[in-house]
Amino acid sequence: MMAVIMDWLGTRYHFGGMSRSGIDCSAFTQMIFNTTAKILLPRTAATQYTVGTPITRFEEMEFGDLVFFNTRAAVYVSHVGVYLGDNLFAHASSKYGVTVSSLKSNYYSSRLIGVRRITEKDLSELRSSSSSKNLANN
């Protein structure tokens, strides 16, 4: 997973983007999990927030957990990234593109609203869902 994240660093941000020429936060996390685990997360940060097991104690976060933020007044869950460890997370920032930021920064620490872990149980459900969608699209 880390190698894929590193490969995308510096990719510019584009709202609704899903490619190397521009990607948004939820497409970035979706691509990371699809590339590394062959599972398809939902497309938006808000729907990704409904997947996985909630981690209620931030000190229990692990590499690969999804971190969610409220960065816009109109949308509660409006940003998502992948936790890397040591209070760092990778995400597609509207200002910096795909980058690594600190959860200890004033901006992100005050906007962190939740953490979700994709467990083995979640993986099997997401893989089944992904396979069903692939069959429906063929």
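Cut-offs used in this document
Residues numbered from 1 in each chain as written. Predicted model: local features only at pLDDT ≥ 70, side-chain atom pairs only at ≥ 80, totals over all residues. Heavy atoms only, no water. Helix = DSSP H or I, 4+ residues; strand = E, 2+ residues; numbered from the N terminus. Rg over C-alpha atoms; globule rule 2.2 N^0.38 Å. Buried < 20%, exposed > 50% of the residue type's maximum accessible area, 1.4 Å probe, protein only. Contact = heavy atoms within 4.5 Å. Areas by Shrake-Rupley, 256 points an atom, 1.4 Å probe, with all protein chains shown as cover. Lys, Arg positive; Asp, Glu negative; His and termini not counted. Charge placed at Lys NZ, Arg CZ, Asp CG, Glu CD. Phe/Tyr/Trp six-rings, centres within 6.5 Å; stacked < 30°, edge-to-face > 60°. Lys NZ or Arg CZ within 6 Å of the ring centre and 35° of its normal.

Quick look at the overall build of the protein
- The helix and strand inventory of the protein stands at 5 helices and 8 strands.
- Counted from the first residue to the last, the protein has its helices and strands arranged as α-β-β-α-α-β-β-β-β-β-α-β-α.
- Here the C-alpha atoms of the protein give a radius of gyration of 14 Å, agreeing with the 14 Å that 2.2 N^0.38 yields for 138 residues.
- Seen along its three principal axes, the alpha-carbon backbone of the protein occupies a region of about 45 × 35 × 35 Å.
- In the protein, which comprises 138 residues, the share counted as buried stands at 45%.
- Relative to all contacts within the protein whose residues are 6 or more apart in sequence, the contacts with residues 24 or more apart total 50%.
- Of the roughly 7,400 Å² of accessible surface on the protein, 53% is carried by carbon and sulfur atoms.
- Charge-centre separation for the protein: the mean point of 14 positive side chains lies 9 Å from the mean point of 10 negative side chains.

Observations concerning the packing of aromatic side chains
- Overall, the coordinates contain 5 aromatic pairs when judged by the stated rule.
- Centroid distance F89 to Y108: 5.0 Å. Interplanar angle 80°. Geometry classified as edge-to-face. Of this pair, F89 sits in strand β6 (residues 88–93) while Y108 sits in helix α4 (residues 106–109), and the two are 19 residues apart along the sequence.
- Judged by its relative accessible area of 12%, Y108 falls in the buried class.
- Put simply, the rings of F69, F89, Y107 and Y108 touch in pairs and so form one group of aromatic residues.
- Here R20 stacks its cationic end above the ring of W8, 4.1 Å away from the centre of that ring.
- Its end group placed over the ring of Y49, R116 keeps NZ or CZ at 4.8 Å from the ring centre.

It is worth stressing that arrangement in space is one thing and function is another; only the former is reported here.
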